[in-house]
Every structure is written in structure tokens, then in C-alpha cells.
Amino acid sequence: MTTRKETLVTFDAVTAARSPDVQKELLKMAKADNNPEALKHAQRVIALARAANKKGA
């Protein structure tokens, strides 16, 4: 039997949220959760993504 090594790709929410479409969906999902902490987290991720966009990183 042959085994293969699989590599997992790390998901980076800030990188993903650099897209305005992803930002809209992130906020939409956070609001749908009706959880203030989820909304606060989504807003923080979006703020970091926008800052990264400004830096051009």
C-alpha cells in the first residue's frame, strides 16, 4: 500500500476578506448569526483587510 502525504493549506481570513464581495458576505453571515461577538470579529477582519489593501501587501 502506498501512502501519500497531504498538505493542508492554511486559511487566512484577512487575505480572503481583501475582496469587497467577501467583505459583504462576511458581514451578512455575521449579522445572520445575531451574535455581537461574531459581528465584532467580522468588522475587525474587514478592517485588517482594508489596511492590508492600503499598504499593498
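Structure shown above.
What counts, and where the lines are drawn
Residues numbered from 1 in each chain as written. Predicted model: local features only at pLDDT ≥ 70, side-chain atom pairs only at ≥ 80, totals over all residues. Heavy atoms only, no water. Helix = DSSP H or I, 4+ residues; strand = E, 2+ residues; numbered from the N terminus. Rg over C-alpha atoms; globule rule 2.2 N^0.38 Å. Buried < 20%, exposed > 50% of the residue type's maximum accessible area, 1.4 Å probe, protein only. Areas by Shrake-Rupley, 256 points an atom, 1.4 Å probe, with all protein chains shown as cover. Lys, Arg positive; Asp, Glu negative; His and termini not counted. Charge placed at Lys NZ, Arg CZ, Asp CG, Glu CD. Salt bridge = Lys/Arg side-chain N within 4 Å of Asp/Glu carboxyl O.

Novice: Can you help me understand the overall build of the protein in this one?
Specialist: For the protein, the helix and strand inventory stands at 3 helices and 0 strands. Counting from the amino terminus, the protein carries its helices and strands in the arrangement α-α-α. For a compact globule of 57 residues, the expected C-alpha radius of gyration is about 10 Å, and the protein comes in at 15 Å, more than 25% above that figure. For the C-alpha atoms alone, the extent of the protein along its principal axes is close to 50 × 30 × 20 Å. Going through the 57 residues of the protein one by one, you find that 14% of them count as buried. Of the roughly 5,100 Å² of accessible surface on the protein, 56% is carried by carbon and sulfur atoms. For the protein, the separation between the mean place of its 11 positive charges and that of its 6 negative charges on side chains is 8 Å.

Novice: Looking at this structure, I do not really get the pattern of salt bridges. What am I missing?
Specialist: Where charged atoms of side chains with opposite charge meet at close range, the side chains can pair. Under the counting rule described, the total for this entry stands at 3 salt bridges. As a salt-bridge pair, Glu25 and Lys28 come within 3.6 Å of each other at their nearest N and O atoms. Taken together, the residues Glu25 and Lys28, both in helix 2 (residues 20-33) and 3 residues apart, mark about one turn of the helix. Under the relative-accessibility criterion, Glu25 is labelled partly exposed at 37%.

Novice: For this particular structure, what's the right way to read unusual backbone geometry?
Specialist: Phi is mostly negative for residues that are not glycine, and the peptide bonds are mostly trans. Look at Asn34: it is not a glycine, yet its phi comes out positive at around 55°. The topology assignment puts Asn34 in the loop between helix 2 and helix 3 (36-55). A residue is classified by how much of its surface remains accessible, and Asn34, at 70% relative accessible area, is exposed.

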